[in-house]
Amino acid sequence: MRWLLLVFCLPLTAAAMQPFESRALSAVEVHSPVGTHSPVGAQSLRDTTPDLVARGAGSHAPAGAQSLRDNATLVIIIDDLGNRLIEGEATVSLPGRLSVAVLPHTTYSVHLAREAHRAGKEVLLHAPMSALDQRPLGPGALTAELSETEFRSTLQEALAGVPHAVGVNNHMGSELTRQRKQMQWLMTLLAEQNLYFVDSRTNKDTVAATVAAEAGLPHLSRQVFLDNVPTRAAIAERFAVLVAHARRDGLGVAIGHPYPETIAYLQEVLPTLEAEGLQLATVSEVLAPAAREAAAVPRGPPNL
């Protein structure tokens, strides 16, 4: 496989850019029955839990993940596209089978979603969901105050504004992803439209992946945030954790952001994956084997 290495001159550092999300963070911890995880430091940029151990509580790795172990697979989602053109286009131009999550109703959301699709990237709706610290969410936000009708209408309008979206993940959401009723509304609508869900896991008490599983909806959960600390050294350390997940369990799922440091690091490392025995896949490509396995399970006659 041949890779094209594209280099963009991005003069701003992540620290100098207006942050994609507030740097405020409540202390949270994930309790996992196996393995270890790294705590989120005080400088974290995200409304987030620490890294999730792949087989830990609530990981919800797809049923087909075990079959990938002989050829370790990485799923990398770049969030927060839509407000900035240069960083968005640099992300879209990264080599390989990446997934990109686009914020709805933003200045460049339609353009970047179309460009990403044209470049062979997979497009998700990055759906804003209410956070515990009441941060502004931007347009298209889903909150617990919405009625079911308003919730569905808001989500449908957001999906319509992100061309080629084949799935959804949450933007912030440390408050809403804990709400079972709203997560049931979400998974019901996604199932109706044959979409999948990725739980960004911005709170240890999220029920999003659990409700998705109960609804039979294809879903994944984030294991690693690549750039809570947007320096090359810190990103490289988180990427090593991602690779360790993939080598151990067959699959590693990471979320990053269109920071110049993240883009520069991925430009450098993505072309080396094949030589390291790693493969890059979109969310759909990882979920497809699990869906095929589920469809192949014999079903008994209905109860009369």
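Look a little higher up for the structure.
Residues numbered from 1 in each chain as written. Predicted model: local features only at pLDDT ≥ 70, side-chain atom pairs only at ≥ 80, totals over all residues. Heavy atoms only, no water.

Student: I keep staring at the overall build of the protein chain and nothing clicks. Help me out?
Tutor: The secondary structure content of the protein chain amounts to eight helices and nine strands. Counting all 304 residues of the protein chain, 54% fall into the buried class. Taking the intrachain contacts of the protein chain between residues at least 6 apart in sequence as the baseline, contacts between residues at least 24 apart amount to 74%. (Helix = DSSP H or I, 4+ residues; strand = E, 2+ residues; numbered from the N terminus. Buried < 20%, exposed > 50% of the residue type's maximum accessible area, 1.4 Å probe, protein only. Contact = heavy atoms within 4.5 Å.)

Student: Sorry, what's going on with the pattern of salt bridges here?
Tutor: Two side chains bearing opposite charge may form a pair once their charged atoms approach each other closely. By the definition in use, this model includes nine salt bridges. Ionic pairing is found between R118 and E115, a salt bridge with its closest N-O pair at 2.3 Å. Here R118 pairs with E115, and both are found in helix α2 (residues 109–118), just three residues apart, close to one helical turn. Judged by its relative accessible area of 60%, R118 falls in the exposed class. Measuring nitrogen to oxygen at the nearest pair gives 2.7 Å for the salt bridge that ties R180 to E214. One end of the pair, R180, is in helix α4 (residues 180–192); the other, E214, is in helix α5 (residues 208–214), and 34 residues separate them in sequence. (Salt bridge = Lys/Arg side-chain N within 4 Å of Asp/Glu carboxyl O.)

Student: I keep staring at the packing of helix α6 (residues 232–249) against helix α7 (residues 260–269) and nothing clicks. Help me out?
Tutor: Look at α6 against α7: their axes get within 10 Å of each other, and the N-to-C directions meet at 55°. The angle between the axes of α6 and α7 places the two elements in the oblique class. Crossing of α6 against α7: the hand is right-handed. Counted together, R232, I235, A236 and F239 of α6 and E261, T262, Y265, L266, E268 and V269 of α7 form the full contact between these two elements. Along the lines of polarity and charge, the residues of the contact of α6 with α7 split into six nonpolar, one polar and three charged. (Axes fitted to C-alpha atoms, helices over the stretch in contact; angles between N-to-C directions. Parallel < 35°, antiparallel > 145°, perpendicular 65-115°, else oblique. Left-handed = near helix turned anticlockwise from the far one by under 90°. Nonpolar A, V, L, I, M, F, W, Y, C, P; charged D, E, K, R; others polar.)

Student: Please clarify how the nonpolar core should be interpreted in this entry.
Tutor: If you look at soluble globular proteins, the nonpolar side chains tend to sit buried side by side. Among the nonpolar cores identified, the biggest contains 57 residues, and I76, M187 and F239 are the most heavily contacted of them. A total of six residues in this core trace back to one element, the largest contributor, which is α4. Leave out the neighbours within four places in its chain, and F239 touches L74, I76, L226, Y265, L266, V269 and L273. Within the second largest apolar cluster, 15 residues are counted, among which are L124, F225, V283 and L287. (Core = buried A, V, L, I, M, F, W, Y, C linked by side-chain atoms within 4.5 Å.)

Student: I tried to follow the packing of aromatic side chains on my own but got confused; where do I start?
Tutor: Here the distance between the centres and the angle between the planes together describe a pair of aromatic rings. Throughout the structure, instances matching the rule amount to two aromatic pairs. Aromatic side chains F151 and W185 sit 5.5 Å apart centroid to centroid with 70° between the ring planes, which places their arrangement in the edge-to-face category. Of this pair, F151 sits in helix α3 (residues 148–160) while W185 is found in helix α4, placing the two residues 34 residues apart along the sequence. One exposure class covers both F151 and W185, and it is buried. Look at F239 and Y265: their rings are 5.7 Å apart centre to centre, the planes differ by 65°, and that puts the pair in the edge-to-face class. Taken as a pair, F239 in helix α6 and Y265 in helix α7 lie far apart in primary sequence, 26 residues in all. This pair shows no difference in class: F239 is buried, exactly as Y265 is. (Phe/Tyr/Trp six-rings, centres within 6.5 Å; stacked < 30°, edge-to-face > 60°.)

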